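Structural characterization, general
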Amino acid sequence: MKQAVKTDLFASKAPLEWAVTANGHLSTAQIPINAEGKVVEGGIEAQARQTMENFKHTIEAAGLTMADVTQVLIYVTHRDQLPIFNQVYAEYFEAPFPNRAAMIVAGLAREEMLCEIVAYAAMKTQLAS
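Described below are features of the structure shown in this document.

Rules used in this analysis
- Residues numbered from 1 in each chain as written.
- Predicted model: local features only at pLDDT ≥ 70, side-chain atom pairs only at ≥ 80, totals over all residues.
- Heavy atoms only, no water.
- Core = buried A, V, L, I, M, F, W, Y, C linked by side-chain atoms within 4.5 Å.
- Buried < 20%, exposed > 50% of the residue type's maximum accessible area, 1.4 Å probe, protein only.
- Helix = DSSP H or I, 4+ residues; strand = E, 2+ residues; numbered from the N terminus.
- Contact = heavy atoms within 4.5 Å.
- Phe/Tyr/Trp six-rings, centres within 6.5 Å; stacked < 30°, edge-to-face > 60°.
- Lys NZ or Arg CZ within 6 Å of the ring centre and 35° of its normal.

Before going further, it helps to spend a moment on the nonpolar core. What tends to happen in soluble globular proteins is that the nonpolar side chains get buried as a cluster. By size, the foremost hydrophobic cluster in this structure holds 25 residues, and its most contacted members are Met52, Phe55, Phe85 and Phe93. For this core, the elements supplying multiple residues, two or more each, are α1 (43-61), β4 (69-76), α2 (82-90) and β6 (115-122). With five residues, α1 is the single largest residue contributor to this core. Excluding anything up to four places from it in sequence, phenylalanine 85 contacts Ala48, Met52, Ile74, Val76, Cys115 and Ile117. Judged by nonpolar contacts, the second largest core, of eight residues, contains Leu9, Trp18, Ile31 and Val39.

Take a look at the structure:
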């Protein structure tokens, strides 16, 4: 059964949840918006940091840690942004790292967005006693 993860992130008017859990997995997509729903200014480093902070908040709201993340898909709008995103990204993970892919795309849902991530995590299961 699919369930929404309750977060303190901006409540979007779009028909979406910031994260859902189902069948022992969490699925999420995160963008560089602040608490007011505005895309943060300051270029790719500021947007990468906001995206990763939103992501970490969501993971923790689900009762997980960044070590539970199994896959991350990174989207940036220019190839030269990827090394900067990677520097920020590396601050949030330790080995063994999640599987990941990075894509250079022509654009994202909001014109001013420079990055977005999609990620999956394994939910912790309780052992029967």
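Now that the structure has been shown, we can carry on.
Before going further, it helps to examine the packing of aromatic side chains. What describes a pair of aromatic rings is the distance from one ring centre to the other and the angle between the planes of the rings. Applying the stated rule across the entire model yields three aromatic pairs. When the ring of phenylalanine 55 is compared with that of phenylalanine 93, the centres are 6.4 Å apart and the planes differ by 50°; the resulting orientation is tilted. Separated by 38 residues along the polypeptide, phenylalanine 55 in helix α1 and phenylalanine 93 in the loop between α2 and β5 (99-104) bring together distant segments of the chain. Here phenylalanine 55 matches phenylalanine 93 in class, with each residue buried. Ring geometry for tyrosine 89 and phenylalanine 93: centres 4.8 Å apart, planes at 40°, overall tilted. On the basis of relative accessibility, which here comes to 5%, the residue tyrosine 89 falls in the buried class. Classification of phenylalanine 93 by relative accessible area gives buried; the value is 8%. An aromatic cluster is built from Phe55, Phe85, Tyr89 and Phe93, whose rings are joined through pairwise contacts. For arginine 100, the ring lying beneath its charged end belongs to tyrosine 89, and the centroid distance is 4.9 Å.

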